[in-house]
Amino acid sequence: MEITLKAARRFVEEIPAPLVVVGVWGGELSEAGQKLDQKHRKALSGMMQALHFKGEFGESLLVPLSSQRSQKEGPEFALLFGLGKKRGVSLETVRKAGAKLVQTVAKLGFKEAASETFLAEKFGKEAASYALAEGALLGGYSWAKYKTSNPSGKRSEKLRLWLARAAGAAVARAEVVAQAVHYARDLVNEPPNVLTPVELARRASEMAQALGLEVEVWDEQQIQEAGMGAYYGVAQGSANPPRFIQLTYKPQTASRRTVALVGKGLTFDTGGYSLKPSESQITMKGDMAGAAAVLGAMQAIARLQPPVEVRAYIAAAENMISGAAYRVSDVLTSLSGKTIEVLNTDAEGRLTLADAITYADRQGADAIVELSTLTGACVVALGEKVAGLFTNEPRWGREVQEAAERAGEKVWPLPLEEEYLEALKSDTADLKNTHGRSRSAGAITAALFLAEFTDKPLVHLDIAGPAYSEKSHDLGPAGGTGFGVRTLVELLGH
Ligand code: BES
Ligand code: ZN
Ligand code: ZN
């Protein structure tokens, strides 16, 4: 759905739109709703009573205003939109309401509507405007690139939504962030035969050039010559060659610090010779969701122009089987010089990331945030909604966690327990890439492996759960969620 948001100074009932949306919160009409109700001789409250409408979250009630309209002016319909109970309400309620609202309004067939900025009196105009706008834009996302007929049938594909008494700057920022999330979702949803490492690099370059970011892409030969043996080991089995992608945002003004972002960029993960069963491969086009989040964040950062230098690194590759593919027992020499014995070719992400992290560290960064769909174990621990956060530097960890909280993305700390490092010692090489047959602490040992490649403050976000949703969710449809973009923009984009 194509949504155009307009921040209006006016009160909701003064906006010339056919539909006016007012909130019902704790079973009562909002202030704007009460005003409208009086103007229309209790049409709203009358209908609420008659139909026992309590305004559970997301419930809505369409009330025709036509009969009471004076001189055929003003809105034809009011939509009473349920915001649920007074207790436990948060900005996340407003964000979700935005998403649900655009879906409801579109389903009803309206192309234009005016909504009050829900709960602005409680959370402040800025924050409420931002959350409502972001939710509306995210909730309007759809992915139909490869549908040859319109999947939504007669449902309206365009919606102009006025937000009454909204803060224009907050709405504009929400537009930048939502566009970046959509960009990341599109990349994740793109099929792996289209989005190869080469294509990912091409899209990253295109975006970077359009927005004035520096960009450098290395081909397979440059990757090998640079000494990225761990990364190259993973990539060597595919007919689609790897690409190492670097993007740099330099602020116009003096920079406060330099932060490196690293994203896992496996455009498809079959598992290699440690082959995944076919059901487990179904979501593996999303194994580049970390890269997508980093690229989405770079897009927003380029637009928001914060006073921080941000460098992005993506070691894009495909994990495939062939006569040239790496095997179990191979020993790879990483860029750091550390040797790694491969015990499982499906633990490929950490091999590509090891070299990307070493490189990011050597290029100079005050701190690193790395995002990856790294382990199934993290999904077992935290489920599909929460990412695992690991850090070697508690202050940096807290900073990222707090940014995620403000952004409305769920992350939770897990320990980088040094005692488990023992499990990664190899008899043959310096390290092995998995802890062998044991299934315990899989997310932690993966994080420990990554932490071996830098002494800089590092945050590793294991987004294997929340990066991809197999069903539609509160803020969008099934598929890529764009998880991580909002956290990174909240962390760096001010
Ligand atoms: N890409 C997967 C992790 C994954 C699993 C992401 C489920 C999203 C959903 C990763 O490369 C992988 O296969 N990890 C292995 C590691 C194991 C071999 C130590 C895993 O989690 O099973
Ligand atoms: Zn894997
Ligand atoms: Zn993987």
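Everything numeric in this text was worked out from a predicted model, so none of it was measured.

What counts and how
Residues numbered from 1 in each chain as written. Chains lettered and ligands numbered in written order. Predicted model: local features only at pLDDT ≥ 70, side-chain atom pairs only at ≥ 80, totals over all residues. Heavy atoms only, no water. Patch = residues over 30% accessible without salt bridge, like charges linked within 9 Å, V, L, I, M, F, W, Y side chains within 5 Å. Areas by Shrake-Rupley, 256 points an atom, 1.4 Å probe, with all protein chains shown as cover. Salt bridge = Lys/Arg side-chain N within 4 Å of Asp/Glu carboxyl O. Helix = DSSP H or I, 4+ residues; strand = E, 2+ residues; numbered from the N terminus. Buried < 20%, exposed > 50% of the residue type's maximum accessible area, 1.4 Å probe, protein only. Contact = heavy atoms within 4.5 Å. Donors = N, O, S within 2.8 Å, 3.2 Å for Na, K, Ca; no water. Tetrahedral: all angles 85-135°; square planar, octahedral: opposite > 155°, others 65-115°.

Draft legend 1. Quick look at a nonpolar patch on the surface. Residues Tyr-273, Leu-275 and Ile-321 make up a contiguous nonpolar surface patch of roughly 290 Å² in combined accessible area. Locating Leu-275 in the fold gives a position in the loop between strand 10 (258–269) and helix 10 (278–281). Overall, the relative accessible area of 49% leaves Leu-275 in the partly exposed class.

Draft legend 2. Region of interest: the environment of His-182. With respect to the secondary-structure elements, His-182 resides in helix 6 (residues 168–189). Along the primary structure His-182 and Val-485 are separated by 303 residues, whereas in three dimensions their C-alpha atoms are 9.6 Å apart. The contact partners of His-182, leaving out residues within four places of it in the chain, are Leu-137, Leu-138 and Tyr-141.

Draft legend 3. Quick peek at the coordination of the zinc ion (ligand 2). Around the zinc ion (ligand 2), the protein contributes the donor atoms Asp-269 (OD), Asp-346 (O), Asp-346 (OD) and Glu-348 (OE), which lie 2.0 to 2.2 Å from the metal centre. Bound by 6 donor atoms, the zinc ion (ligand 2) shows angles of 71 to 168 degrees at the metal and therefore irregular coordination geometry. Mapped onto the sequence, the residues coordinating the zinc ion (ligand 2) show the spacing D-x76-D-x1-E. For the pair the zinc ion (ligand 2) and the zinc ion (ligand 3), the metal-to-metal distance amounts to 3.2 Å, and Asp-269 bridges them. Residue Asp-269 is located in strand 10, and its partner Glu-348 is located in the loop between strand 13 (339–341) and helix 12 (349–363); the two are separated by 79 residues in the primary sequence. Classification of Glu-348 by relative accessible area gives buried; the value is 0%.

Draft legend 4. How the structure looks around the coordination of the zinc ion (ligand 3). Donor atoms from the polypeptide that coordinate the zinc ion (ligand 3) comprise Lys-264 (NZ), Asp-269 (OD), Asp-287 (OD) and Glu-348 (OE), at 2.0 to 2.4 Å from the metal. Classification of the site at the zinc ion (ligand 3) as octahedral follows from its 6 donor atoms and the range of 77 to 172 degrees in their angles at the metal.

Nothing here speaks to function; it is geometry throughout.
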